[in-house]
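Take a look at the letters that make up each chain.
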Amino acid sequence: MSHRVLVIGSGGREHAICWKLAQSPKVEQIFALPGSHGIQEIEKCQNLEAKALDPKDFEAIAKWSKANQIALVVVGPEDPLALGLGDVLQKEGIACFGPGKQGAQIEADKKWAKDFMLRHGIPTARYESFTDTEKAKAFIRSAPYPALVVKAAGLAAGKGVVVAANAEEACQAVDEILGQLKYGQAGATLVVEELLEGEEVSVLAFTDGKSVRPMLPAQDHKRLGNGDTGPNTGGMGAYCPCPLISQPALELVQRAVLERAVQGLIKERISYQGVLYAGLMLTRDGPRVLEFNCRFGDPETQVILPLLETDLFEVMQSCCNGQLDKLTLQWHSGVSAVGVVLASAGYPETSTKGCLISGLSTANSDTQLIFHSGVAVNKQKESLTNGGRVLIAIALDGNLKEAAAKATKLAGSISFSGKGAQYRTDIAQKAFKIATTTAPGLSYKDSGVDIDAGDALVQRIKPLSRGTQRPGVLGGLGGFGGLFRLKDLSYKEPIIAEATQGVGAKIRLALEHELYENVGYDLFALAANDLLELGAEPVAFLDYIACGKLHVPLAAQLVKGMADGCRDAKCALVGGETAEMPSLYAPGQHDMAGYCVGIVEQSRLLPRFDLYQPGDLLVGLPASGLHCAGFNEILTQLSASKVNLRERSPVEGGEHGLTLANVLATPTQLYVKQLLPHLQKGDEIKSLVHVTHGLLNDVQRLLPAGYETTLDFGAVPVPKIFGWLAGKLKLSAEALLERHNCGIGMVLVLPQSSQLWRTSLPGAKVLGVLQKPTKPSARPVQVRNFVEKLQSVAGPFGGIGDRQLPEEIKELPTGSNPIAPREDCFENAAGRRVTRVPAHYKDPILILGTDGVGTKLKIAQQTQRNSSVGIDLVAMCVNDILCNGAEPLSFSSYYACGRWQEDLAKEVDAGVQEGARQANSSFITSHSAALPLLYEPQVYDLAGFALGIAERSGILPRLDDIQPGDVLIGLPSSGVHSNGFSLVHAVLKRVGLGLDDKAPFSDKTLGEELLVPTKIYVQALAALLRRPNHGIKALAHITGGGLSENIPRVLRKDLAVRLDANKFQLPPVFAWLAAAGNISSTELQRTYNCGLGLVLVVAATEVEEVLKELRYPQRAAVVGEVTARKDAKKPQVVVQNFEAALTRAQRALSTPRKRVAVLISGNGSNLQALIDASRDSAQAVAAEIVLVISNKPGVLGLERATRAGIPSLVISHKDFASREVYDAELTRNLKAARVDLVCLAGFMRVLSTPFVKEWRGRLINIHPSLLPKFPGLHVQRQALEAGEKESGCTVHFVDEGVDTGAILVQAAVPILPGDDEDALTQRIHKAEHWAYPRALALVANGSIRLSPEGKCVGRDGQ
């Protein structure tokens, strides 16, 4: 149906509107009142002269519109709207694109508009309004902010605004606008605003009064001269889209400005339809509204509308009938429009009319346009100037710089007689300088993380690690994991033991008093002593150090202390992780965790409760001091008591000048050298316990059911430091026994006849004997003579008190670890898990890895979604050891928090358990501690430790085998994974987005997107790595350091790699981060995985075999190759086409996702694949499934839709007389759901020709063969009967033939010996689940379309 439209106005804006409306097939004729010569020249357009119809006579306009069957009146200028034209038209039942008088107040009355913004929380500048000049000037001089923007409250043709340089200029503007009424009654009320700093951007939106559809952002140039000099004008040029406003900021504007304004109008019962124009200032604090307009802007309209693909008439009609929410705006992708205004001499104060215009083209083209603002024509049909702004010259180009150059050249080709034309030559120049004129680009270092400092620390501690080397160690620091060869030890039936420990708040004491080496020694000693409980020899150690700001010398001293402990125990320091997390830790704050692996002969595994006899001795070995227990409470109470720890110690060490801090920080006693020889003999020590949880609690761990003991301190000295603590803090004896070692660091159970404690263990004391209980007892451990001993040493300091101490080390309830261990994992007699070396390993190598989750934890904590970070923790560790070719065996974790919340700890632990399950790892233990001195109440940190095993012949990387020409295969990431989150936090802060805000690149919230777990690659590669000749030479986990720094970890220095960004998907999250944070490509590659979670180096001859395993289930792809590195100064990683891929991904951010319907008849397994892919933002499918239609009820596919929350319909073909009628009903429902694309997924219906034609180019199908072979049904049977060697699937456009449409994607599947239809079909299903989402993505993002000739063509038509 064709419609007639009336456009009110005569300027360049109205010329552009008429030009765009004329392109609509739904518009028959356009009348312009009064119109212009340029409008009259457009096909379908006709001017209405003022003689025939007075533009100011609104009743006459309404009457004429009714008489001439006008379907829509479009009001261009603001004056008619402010005077009520919209109300008159609406009253007469005539659709008006433009608000009524009440709505137009948002522009017509600046005071009302500012008050409106204030009422509805719309971000704007601070302001006051005045009707008295003296009061206004007094305010300007005394305002608490720069009150330098002076505005006439009423309409002043875009000129009633003065941005003053100082208070005097502002006061002068008050005198002119309010005092002298320079702009008439428009200036009778004055608004004085805060001067905001930043760039101005215009964001216009269509609205029906309920919903909004933003247009592309544009930037107007108000000042007359280049460089923003000279007086304000109505606008000297504009360009669109404007890159100065980021996509996140645009999302914020839509939410906090446009939608909030519409909601405000609804609340105030003001009907509004048309354009809502927000003039914005991009300040440091985010976008702020300078003004609202109630109509299209001029000259912004002239550069926005040429980029609009959607029918403008349809958009305007939707606004007027309240149906805008059913419309999605489409824009020309990758095109910029720049417009340069030519103004007459004397503008803006006066205008020179009647000057001859030369060089004016007679017709517009697709890439060059002229719109008339003030052009008249004389009798000779010559064009003359007829106003201030005369015309605008516009150029369109794929490159903004080129568009600007062409528009400026076009303007220069036009001249005015007399004094000539005025125009600017710098339109859009600000956009060219985006990196310097907007906020500077963010880097990882800016966010508080210094990768170079981390590298410097590794170099500094390498000698410390080398100093701990022992038989069994392979390699050194800097790889993905630490390696240890078991064959270099003399164990016949080795059992692997593991211990995880932390130093608690003792690190706070060490940091405050610069006793760094002490606490490093503590960490190792705690873990190594724990292994002695199992009878194990400590052989390899890893550390985890977390801090707010990495100080290399300090961290190096911490590691030196650990290395000293390793040397004393003859244990190797094989690696570690240093995590710089500024949003979790304040500068100067640290925490540490340690992990030690030990080996014990199976026959020597402790404890041996089965050997216990009544009368066995409990022997205590002296502690060196407090060790590491209970420091959080001790330091808290000492601080509250105002104890100066820098004073000389009144107890042990004081005579040697030691301070209290020195004594309290005395390192934990290491018992390895003392006890290991006796443990390895295995003839006397039946069990032992390391006292870390308090003497009473730990001794109780020595007692199985049926035994008790009494500890007698009659002959056992209590160190004076415990007396001092008891006296100073008024601690009870029970508090010390329950929370501290009380001078006993290790307790052994020896036979009654043993003399070992006398002859070989200096300082050992018999504490008690094992006894069978004579009567039921609530406490199997009793204590004698301790109170008296404690009182004697506490007396000089005030004596003991009754204060108790809280528990610091926490344990989750038994049964909270639901994941069953591997079959090679078992529990010792005390319930600790240990691991047998799997029997099939001939020369086993242990691989140890550690990592954390970084400040991704902050997002989990802020959103209270803590269930998946445990998966991240496991992934970060096991992916690293996988890079050494390891099969993961076990996993342990460290959890420290500010306030113990059991439910939270369980939630986090459940994620760790799930990660361990996915990695096929046994969960060994979690060391948990509540440390308020180190963490805020709601904050926690996590560290993980993974142990894997590999045959020595299977160890990766095979550095010597890697050669130029080897191929890189990439496995996609699931998103950001767990690195670079400090930079993520900095970007979020910059753009003012919260974690509960909708992500600019998906339908989920930012919190949900950023918490997508790191992908675990164990199951993907397990089968491959078990093969003797798998062809993989190296694996690189793309973790901290991004692409640039992780791939070199598996390369020799003479090699480099060349990646092609066109061959892997850059997830939209990285495109958004780069745009929002102005992050350079180099920084992006150095910080993030950029879409590749794991990179394989494979011999060229083995690529196809590897891809057979990985292509379909893992979406693996060839992404690059190894090259020779001829220049050692050049980087080892070069990513080709990265800028183009990044630009492409950033453009996609502003492109609406295609609405997809899926037609099914059965199980819908391909439907599930499409759902999963479309909801995985990392795959960048650019589509959402909005409707599922089945021709059969009760099928599984409908259940899948329901589970996914997708609307579904059952439309049975049996209810319709013919195929055509049935298909027409399908089309009706598809259009009602505003569907863009239709996917057939097992839809067992032959579609009619009208349906196929209706959806041509938007209808795709998947077929289970490699078309053109075997179209139709029973294709696998046909392939098997034909003796084919391969089959597969094909995704294609649907045409009128049977499976004859243009092919989008094919996936081949080999036919194996012995295959039957079912086996082959199942393997093809896996290929289909890869191919269909891939094809949908290509169509949805516009990479491939169907040509008029029925061929698949790309964006460039090729």
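For the structure, check the block above.
As a starting point, this report considers the structure included with it. Predicted, not measured: the structure shown is a model, and the values here were computed from it.

Rules of the game
- Residues numbered from 1 in each chain as written.
- Predicted model: local features only at pLDDT ≥ 70, side-chain atom pairs only at ≥ 80, totals over all residues.
- Heavy atoms only, no water.
- Helix = DSSP H or I, 4+ residues; strand = E, 2+ residues; numbered from the N terminus.
- Contact = heavy atoms within 4.5 Å.
- Axes fitted to C-alpha atoms, helices over the stretch in contact; angles between N-to-C directions.
- Parallel < 35°, antiparallel > 145°, perpendicular 65-115°, else oblique.
- Nonpolar A, V, L, I, M, F, W, Y, C, P; charged D, E, K, R; others polar.
- Core = buried A, V, L, I, M, F, W, Y, C linked by side-chain atoms within 4.5 Å.
- Buried < 20%, exposed > 50% of the residue type's maximum accessible area, 1.4 Å probe, protein only.
- Pairing = 2+ DSSP bridges.

### Observations regarding the environment of Val7
Logical step 1: Within the secondary structure layout, Val7 lies in strand β1 (residues 3-9).
Logical step 2: Through-space distance from the C-alpha of Val7 to that of Leu1094 is 59 Å; in sequence the pair is 1087 residues apart.
Logical step 3: Excluding anything up to four places from it in sequence, Val7 contacts Glu14, Ile17, Cys18, Leu21, Ile30, Phe31, Ala32, Leu33 and Val74.

### As for the packing of helix α1 (residues 12-21) against helix α12 (residues 312-321)
Logical step 1: Orientation of α1 relative to α12, taken along the N-to-C sense of each, is 105°, at an axis distance of 8 Å. In terms of orientation, α1 lies roughly perpendicular with respect to α12. Residue-level contacts link Ile17, Lys20 and Leu21 of α1 to Leu312, Phe313 and Met316 of α12.
Logical step 2: Among the residues making up the contact of α1 with α12, the classes are represented as five nonpolar, no polar and one charged.

### So, unusual backbone geometry
Logical step 1: Backbone torsion omega between Asp298 and Pro299 reads 25°, so that peptide bond is classified as cis.
Logical step 2: Examined against the element boundaries, Pro299 turns out to sit in the loop between β17 (286-293) and α11 (300-304).
Logical step 3: Here Leu1267 and Pro1268 are connected by a cis peptide whose omega angle stands at 10°.
Logical step 4: Residue placement: Pro1268 occurs in the loop between β55 (1259-1263) and α43 (1275-1281).
Logical step 5: Here the phi dihedral of Leu181 falls at roughly 50°; this positive angle occurs in a residue that is not glycine.

### Let's talk about the nonpolar core
Logical step 1: With 246 residues, the main nonpolar core has Phe541, Leu675, Val747, Leu846, Tyr940 and Trp1072 as its most contacted residues.
Logical step 2: The element best represented in this core is helix α18 (residues 516-532), accounting for eleven residues.
Logical step 3: Judged by nonpolar contacts, the second largest core, of 74 residues, contains Tyr272, Leu282, Leu342 and Ile370.

### So, the sheet that holds strand β16 (residues 274-283)
Logical step 1: One open sheet accounts for four strands, arranged β11-β10-β16-β17; its pairing is antiparallel. Of all the strands in the sheet, the pair left with one neighbour each is β11 (212-214) and β17. Taking each pair of neighbouring strands and ignoring which way they run, the sheet shows an average axis angle of 35°.

### Focus: the sheet that holds strand β50 (residues 1133-1136)
Logical step 1: Strand order in this open sheet of six strands is β46-β48-β45-β49-β47-β50, and the pairing throughout is mixed. The open sheet terminates on both sides in strands that have one partner only, identified here as β46 (1032-1037) and β50. Across the sheet, the mean angle separating the axes of adjacent strands is 25° when strand polarity is ignored.
Logical step 2: Of the strand pairs in this sheet, strand β45 (residues 967-972) and strand β49 (residues 1117-1124) are connected by four bridges, and their pairing is antiparallel. Note that in β49 the partner of Leu968 across the bridge is Gly1120.
Logical step 3: Strands β46 and β48 (1092-1098) of the sheet are contacted by helix α29 (residues 869-882), whose axis makes an angle of about 155° with β46.
Logical step 4: Of the strands in this sheet, β46 and β48 are in contact with helix α33 (residues 1018-1026), which crosses β46 at around 160°.

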